[in-house]
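# Structural overview
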Amino acid sequence: MIAEHGSIAAAGRALGMSYRRAWMLVEAMNTGFGRPVVEAQTGGRAGGGARLSDFGTDVVRRYRAVEAAAEAAAAPFLGRLGQVEDT
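Computed from a predicted structure; not experimentally measured.

### Digging into the overall build of the protein chain
A count of helical and extended segments in the protein chain gives four helices and two strands. Listed by position from the N terminus, the elements making up the protein chain come as α-α-α-β-β-α. Taken across its 87 residues, the protein chain has 20% of its residues classed as buried. Pairs at least 24 apart in sequence give 22% of the contacts found in the protein chain among residues at least 6 apart. When the accessible surface of the protein chain is split by element, carbon and sulfur atoms take 57% of a total near 6700 Å².

What follows is the structure, encoded as structure tokens:
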């Protein structure tokens, strides 16, 4: 959402969370990875904001690939859950 909205505050609002929670999650990712996932953009006429670093863009791309692979792998099993009869 940061990539889409260009700010931590707007991304937090889009996800239904406070700026503080969104900021803390960004800080946790930046610290946990040992390098910036999200970078601050300096203010100016349009104001400051935030953007994904090149590394952050790669992290999101890889995460989405893992997410898609997990969903595809789980689909046959999840589909069968609706077919389970009461015993």
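From this point, the narrative continues.
### Re helix α3 (residues 19-33)
With 15 residues, α3 extends 21 Å from end C-alpha to end C-alpha; this agrees with the ideal 21 Å at 1.5 Å per step. Where α3 is concerned, the buried positions are Ala-22, Val-26 and Asn-30. Taken down its axis, α3 places every buried residue within 70 degrees of arc, on the same side. Exposed positions of α3 whose direction lies more than 90 degrees from the buried face are Arg-20, Thr-31 and Gly-32. Where α3 is buried, its residues contact α1 (2-5), α2 (8-14) and β1 (38-41).

Scoring rules and cut-offs
- Residues numbered from 1 in each chain as written.
- Predicted model: local features only at pLDDT ≥ 70, side-chain atom pairs only at ≥ 80, totals over all residues.
- Heavy atoms only, no water.
- Helix = DSSP H or I, 4+ residues; strand = E, 2+ residues; numbered from the N terminus.
- Buried < 20%, exposed > 50% of the residue type's maximum accessible area, 1.4 Å probe, protein only.
- Contact = heavy atoms within 4.5 Å.
- Areas by Shrake-Rupley, 256 points an atom, 1.4 Å probe, with all protein chains shown as cover.
- Expected span 1.5 Å × (residues − 1).
- Arc of directions from axis to C-beta.

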